[in-house]
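Given next are the chains, with one letter for each unit.
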2 protein chains.
Amino acid sequence: MTELVTAGADLPRLRELNSLSVVRALRAHPPATVTELSQRTGLSRPAVDVIAQGLVTDGWASLLEPGANSVVGRPARRYQFRATAGHVIGVDVGAHKVLALIADLDGNIVRSLRHSVAADAGPAARLAELDAVVNACLSEAGMTPSDIWAVTVGVTGAVDAAGRTSFFTPLPGWQNVDLTAHLGGRFACPILVENDCKLATLAERWKGAASDANDIVYVLAGMRTGAGLIIDGILRRGFGGAAGELGALKQVRWLDAPAHLQNCPGVPGTVGPDDAAAWVFNAAREGDKAARRAVNRYVKDLAVGTAALVLTLDPQVVIFGGGFSRSADLMLDPLRRELERLCLRMPEVRASTLGADAVALGALKLALNEVDDRLFSAGLSAPVAPRRAATPASSG
Amino acid sequence: MTELVTAGADLPRLRELNSLSVVRALRAHPPATVTELSQRTGLSRPAVDVIAQGLVTDGWASLLEPGANSVVGRPARRYQFRATAGHVIGVDVGAHKVLALIADLDGNIVRSLRHSVAADAGPAARLAELDAVVNACLSEAGMTPSDIWAVTVGVTGAVDAAGRTSFFTPLPGWQNVDLTAHLGGRFACPILVENDCKLATLAERWKGAASDANDIVYVLAGMRTGAGLIIDGILRRGFGGAAGELGALKQVRWLDAPAHLQNCPGVPGTVGPDDAAAWVFNAAREGDKAARRAVNRYVKDLAVGTAALVLTLDPQVVIFGGGFSRSADLMLDPLRRELERLCLRMPEVRASTLGADAVALGALKLALNEVDDRLFSAGLSAPVAPRRAATPASSG
DNA sequence: GCTGTTTTGTAAAGCTCGAAGCGTATGTGG
DNA sequence: CCACATACGCTTCGAGCTTTACAAAACAGC
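Residues numbered from 1 in each chain as written. Chains lettered and ligands numbered in written order. Predicted model: local features only at pLDDT ≥ 70, side-chain atom pairs only at ≥ 80, totals over all residues.

With that settled, consider the sheet that holds strand S13 (residues 348-351) of chain A. All names here are of chain A. The strand order across the open sheet built from five strands is S11-S10-S9-S12-S13, with neighbouring strands paired in mixed fashion. Here the strands that pair on one side only, and so sit at the sheet edges, are strand S11 (234-235) and S13. For strand S9 (residues 216-221) and strand S10 (residues 225-231), the ladder comprises six bridges, and the chain directions are antiparallel. Paired with Ile216 across the bridge in S10 is Ile230. Where helix H9 (residues 289-313) meets the sheet, it contacts S9, S10 and strand S12 (317-321), and its direction lies at approximately 165° from that of S9. (Pairing = 2+ DSSP bridges. Helix = DSSP H or I, 4+ residues; strand = E, 2+ residues; numbered from the N terminus. Contact = placed C-beta atoms within 7 Å. Axes fitted to C-alpha atoms, helices over the stretch in contact; angles between N-to-C directions.)

As a structural note, the neighbourhood of DNA strand C is formed by 28 residues, with Ser44 and Arg74 of chain A together with Gly73, Arg74 and Arg77 of chain B the closest of them. Elements with a minimum of two residues in the surface near DNA strand C: helix H1 (11-28) and helix H3 (45-58) of chain A together with helix H2 (34-41) and helix H3 (45-58) of chain B. Here the element with the most residues in the surface near DNA strand C is H1 of chain A; it accounts for five residues. Across the surface near DNA strand C, the residue classes tally to 14 nonpolar, seven polar and seven charged. (Near = placed C-beta within 6 Å. Nonpolar A, V, L, I, M, F, W, Y, C, P; charged D, E, K, R; others polar.)

Below, the discussion takes up the protein's contact with DNA strand D. With respect to spatial proximity, 27 residues lie near DNA strand D, and among them Gly73 and Arg74 of chain A together with Ser44, Ala47 and Arg74 of chain B are the closest. Going through the elements one at a time, helix H2 (34-41) and H3 of chain A together with helix H1 (11-28) and H3 of chain B are the ones with two or more residues in the surface near DNA strand D. The element that contributes the greatest number of residues to the surface near DNA strand D is H1 of chain B, accounting for five residues. Residues of the surface near DNA strand D, tallied by class, amount to 14 nonpolar, seven polar and six charged.

As a further point, take the relation of the copies chain B and chain A. Rotating chain B by 180° about the axis while translating it 0.0 Å along that axis superimposes it on chain A, leaving an RMSD of 0.1 Å. Read as a symmetry element, the transformation amounts to a two-fold axis. When the interface residues of chain B are mapped onto chain A, 100% of them again lie at the interface, so the same face is used by both copies. (Least-squares fit on C-alpha atoms with pLDDT ≥ 70 in both.)

Before going further, it helps to examine H3 of chain B. Residue and element names in this part refer to chain B. A rise of 1.5 Å per residue sets the reference length of H3, with its 14 residues, at 20 Å; its end C-alpha atoms lie 20 Å apart and thus fit the reference within 8%. Buried within H3 we find Val48, Ile51, Ala52 and Leu55. Angularly, the buried residues of H3 cover 100° about the axis, an arc narrow enough to put them on a single face. Pointing more than 90 degrees away from the buried face of H3 are the exposed residues Pro46 and Thr57. Looking at the buried residues of H3, the elements they touch are H1, H2, strand S2 (61-64) and strand S3 (78-81). (Expected span 1.5 Å × (residues − 1). Buried ≥ 20, exposed ≤ 12 C-beta atoms within 10 Å, placed from the backbone. Arc of directions from axis to C-beta.)

Here the focus is the domain arrangement of chain A. The assigned domain composition of chain A is domain 1 (8-81), domain 2 (86-200 + 357-375) and domain 3 (212-353). Each of domain 1 of chain A and domain 2 of chain A has a C-alpha centre, and the two are 34 Å apart. (Domains from an automatic or database assignment.)

The subject of this paragraph is the interface of chain B and chain A. Of the residues lining the interface, 50 residues belong to chain B; the matching set on chain A comes to 51 residues. Elements with a minimum of two residues in the side of chain B that touches chain A: H1, H2 and helix H9 (289-313) of chain B.

Residue and element names in this part refer to chain B. With six of eight residues buried, strand S5 (residues 97-104) is to be regarded as a mostly interior element. Across seven bridges, the pairing between S5 and strand S6 (residues 109-116) is antiparallel. Of the residues in S6, the one forming a bridge with Ala103 is Ile109.

Okay, the packing of H1 of chain B against H2 of chain B next. In a pair of packed helices, the angle between the axes and the distance between the axes together describe the arrangement. Residue and element names in this part refer to chain B. At a closest axis distance of 10 Å, the pairing of H1 and H2 adopts a crossing angle of 115°. Between H1 and H2, the interaxial angle falls into the category roughly perpendicular. Once H1 is placed against H2, the crossing between them reads as right-handed. On the side of H1, the interface is formed by Ser21, Val22, Ala25 and Leu26, while H2 contributes Leu37, Arg40 and Thr41. Across the contact of H1 with H2, the residue classes break down as four nonpolar, two polar and one charged. (Parallel < 35°, antiparallel > 145°, perpendicular 65-115°, else oblique. Left-handed = near helix turned anticlockwise from the far one by under 90°.)

A separate point is the confidence of the model for chain A. Caution applies to low-pLDDT parts of the model: their predicted coordinates are not meant to be read in detail. Residue and element names in this part refer to chain A. Across chain A, the average pLDDT comes to 90, with 95% of residues at or above 70. By mean pLDDT, the top-scoring element of chain A is S13 (98), and the lowest-scoring one is strand S2 (residues 61-64) (89). Note that residues 391-396 has pLDDT below 50 and, in this model, nine contacts with residues that lie over four places away or in other chains. (pLDDT = per-residue confidence, 0-100.)

The next subject is the packing of helix H8 (residues 276-285) of chain A against H9 of chain A. Residue and element names in this part refer to chain A. In contact at an axis separation of 7 Å, H8 and H9 are set at 115° when each is read in the N-to-C sense. Along this stretch, H8 crosses H9, giving a crossing that reads as left-handed. Contact with H8, carried on its side by Val280, Phe281, Ala283 and Ala284, involves Ala291, Arg292, Ala294 and Val295 of H9 and no other residues of that element. Here the residues of the contact of H8 with H9 are counted per class, giving seven nonpolar, no polar and one charged.

On to the environment of Asn296 of chain A, then. Here Asn296 of chain A shows up in helix H9. Residues Asn296 of chain A and Ala162 of chain A, 134 residues apart in the sequence, show an inter-C-alpha distance of 40 Å.

Moving on: the sheet that holds strand S7 (residues 148-155) of chain A. Residue and element names in this part refer to chain A. One open sheet accounts for five strands, arranged S6-S5-S4-S7-S8; its pairing is mixed. At either margin of the open sheet sits one strand with a lone partner, and together these are strand S6 (109-116) and strand S8 (191-195). Each adjacent strand pair in this sheet contributes to an overall mean axis angle of 15°, direction not counted. Relative to S8, S7 runs parallel, the two sharing five bridges. Paired with Thr152 across the strands is Leu192, a residue of S8. Along the sheet, helix H6 (residues 196-207) contacts strand S4 (87-93), S7 and S8; its crossing angle with S8, the most-contacted strand, is approximately 95°.

Turning our attention to the environment of Arg126 of chain B. Residues and elements named next belong to chain B. One can find Arg126 in helix H4 (residues 123-140). The buried category is assigned to Arg126, around which 22 C-beta atoms lie within 10 Å. Through-space distance from the C-alpha of Arg126 to that of Ala95 is 9.3 Å; in sequence the pair is 31 residues apart. Residues contacting Arg126, with those up to four places away along its chain left out, are Val93, Val117, Ala121 and Leu171.

All names here are of chain A. The buried fraction of S12 is high, at five of five residues. Residues Val317, Ile319 and Gly321 line one face of S12 and the alternating positions Val318 and Phe320 line the opposite face, and both faces are buried. Relative to S12, S9 is paired through five bridges, and the arrangement is parallel. The residue bridging Val219 from the neighbouring strand is Phe320, located in S12. Here four bridges tie S12 to S13, and the two strands are oriented parallel to one another. Of the residues in S13, the one forming a bridge with Val318 is Val349. Regarding the hand of the β-α-β motif, the stretch spanning S12, helix H10 (residues 328-342) and S13 is right-handed. (Right-handed = clockwise from strand over helix to strand, strands pointing away.)

Time to look at unusual backbone geometry. Note the cis peptide between Pro30 of chain A and Pro31 of chain A, where omega equals -15°. Phi angles above zero are rare outside glycine, and Asp232 of chain B is one such case at about 55°. With respect to the helices, strands and loops of the structure, Asp232 of chain B is situated in the loop between strand S10 (225-231) and strand S11 (234-235). In this structure, Arg253 of chain B takes a positive phi of about 70° despite not being glycine. Considering the arrangement of structural elements, one finds Arg253 of chain B in the loop between S11 and helix H7 (259-262).

Below, the discussion takes up H4 of chain B. Residues and elements named next belong to chain B. Its 18 residues place the ends of H4 25 Å apart at the C-alpha level, agreeing with the 26 Å of an ideal helix rising 1.5 Å per residue. Among all positions of H4, only Arg126, Leu130, Val133, Val134, Cys137 and Leu138 are buried. The buried residues of H4 occupy one face: seen down the axis, they fall within an arc of 125°. Along H4, the residues that are exposed and aim more than 90 degrees away from the buried face are Ala124 and Ser139. Summarising the contacts, the buried residues of H4 are in contact with strand S4 (87-93), S5 and S6. Gly142 sits one or two positions beyond H4 and adopts a positive phi of about 70°.

So this is what it looks like as structure tokens:
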């Protein structure tokens, strides 16, 4: 009737909260004994004991066989979170490839598969390749779609709340492709679609160069330039999912920045447009004057937009990622110098440590976050795949 | 010893959580009967009853005298949150004035006082005026500093985590003035110092034009141009407190934008530089061609930076505030047109509804938030003024 | 003015959960 | 084989919430 201002908690809820607390402690430092869990959660040993046994019978935790016990005294039972209770899929649908990863609830990658796709492939062909990769990856792992608890797909371009690439995408014919609906037929679990750049940002914070920071600006530097934002530890999408699309503003010079590299004088005619940048970076490394000038011009332009992000958000760290980050050795210091000149408070500037898998890793992480959110809000009844709340019927 | 991963809750903590839950319900819909509170919190009537009585004896709530009871049945006791249990102060230290507001815990303004200050006053004189206003306001309200639970002071310029204006401020000699230390001698409660622009943003969300939105970009348009950001309902300061200082980047044209108004041809020599903008707005309203052109140029420049913010954050709403927002009728539509051209997803654009008190109101809100945070994290023992955790000794 | 109705206040019983304490089990080291 | 250290598991106790039941207070209608 009346909306709940704030839910008051009764005893069963208390037990649930403490169970979740134990699960968190279990995941943070596995494997753990009852005594350790008791210390970490602040609960008494007997309380943790019954909770841990309940987790085992529910399937959330498992007992480790007693191994080498260095300490004197009765050896403690060692519990561990049963990460294999569920799995998630992260997919990167890029211009040239489709990469799928399957991981367990702790993020351990169980299976990965990568197919190449022609850059000019249409949406139907690309979707078919997506299905093929996901299917093959699942069967290689000996799983069915019902074993999957969440799916995330990363695509290029801003993605709206419904999971559609509504604005712009370089993938041919990809506007308004409804991936949620496309995958919804086979997966009953939550399906998330997200911008590749945002996912790469998430990945850098998960197991990349920004794992220690909570306020992160990620700059994707490549043939396309983009940005991803983590503020207060949370990936920000914006009200309509279009956060980080600063590159669309021509005053920040991100649109034309890669042209400095592509149009650099001295690039041999035998080098294709996609490889021109790599050639320029190599030439610059070997001392070629024109190449160095091109790189410097590129960095100068990149720095304008980066400075706009830094001045707007004042992050702790800026991550320099994307395809060009392989040549970060050439550009990191010039970029720092430019930012020093343009910004009020200088953030740390670091190069990405993740390679081409960053987007798929971020997709994995987003799916894991979704699972955790549901776990910690809905409570842990039994480890089964969650189901989407509503399936908005919409044609792809 | 070991850091707590997540605190497990025991029974006393449960009661505390439920008490807070009742307090929240009480504040959301005052006055409230036990039955209403029971429905809103989901707790049983007897549980709410003992909690409510406890709140009354602690001083957090009070009983309302039974008034007209339209319904049949035994009249219910009506409880209300005792907002006068504590008070907070919000101060705006501006270029021309010092404005102090005192409010109770519900944000009802109890007392306000405004002193004018010369724009070229030095830091000592300005601090003296600040003390005078705060003292007078307190004594007029019949209070002492120990009655105050939190103090917030708004100043121009980026404020770092320690509460110092470390970067730039137009207030003469104000660099590195340590307001926290200055006020720390007389107030034992938390003292917050914050950028005026951020506080105005907070005020617009509290009781201004953005009360329905959680993702807000506030643009302060005046002789100085600034920005404040609310993302996911929370005011964002950035890692070093310098978020929103996009204006420092010359490519976004905010620095020179007001010059279009000041240097507009046709401004009589009798009009001072501070009043030139107002003259131009009036002239534009009356159809003066040169004035209209100046206003349009100004809006065009303002829109570049605003578009950078919008493209970066994709907010739900952009608030057009600051001194020039009095002339929003002239500029709102042109600003919308420019943004439509520059942005991917168009946010709502609204004019500020708060006048010159916005900064002080925001300061009040920040102080109230601080009180609430402490309340809801530390629990409610008895309504007394909180004390600062650590007083970092630093000379002003 | 009395009675019935309706809603609130209050008391008692029961249940669940966590804390504390204590005896028991199971290892290591001498 | 014995002493010791640590972990397990049982019992007792207390706190807090819910349910149920009953008393109290006001209004409506006769």
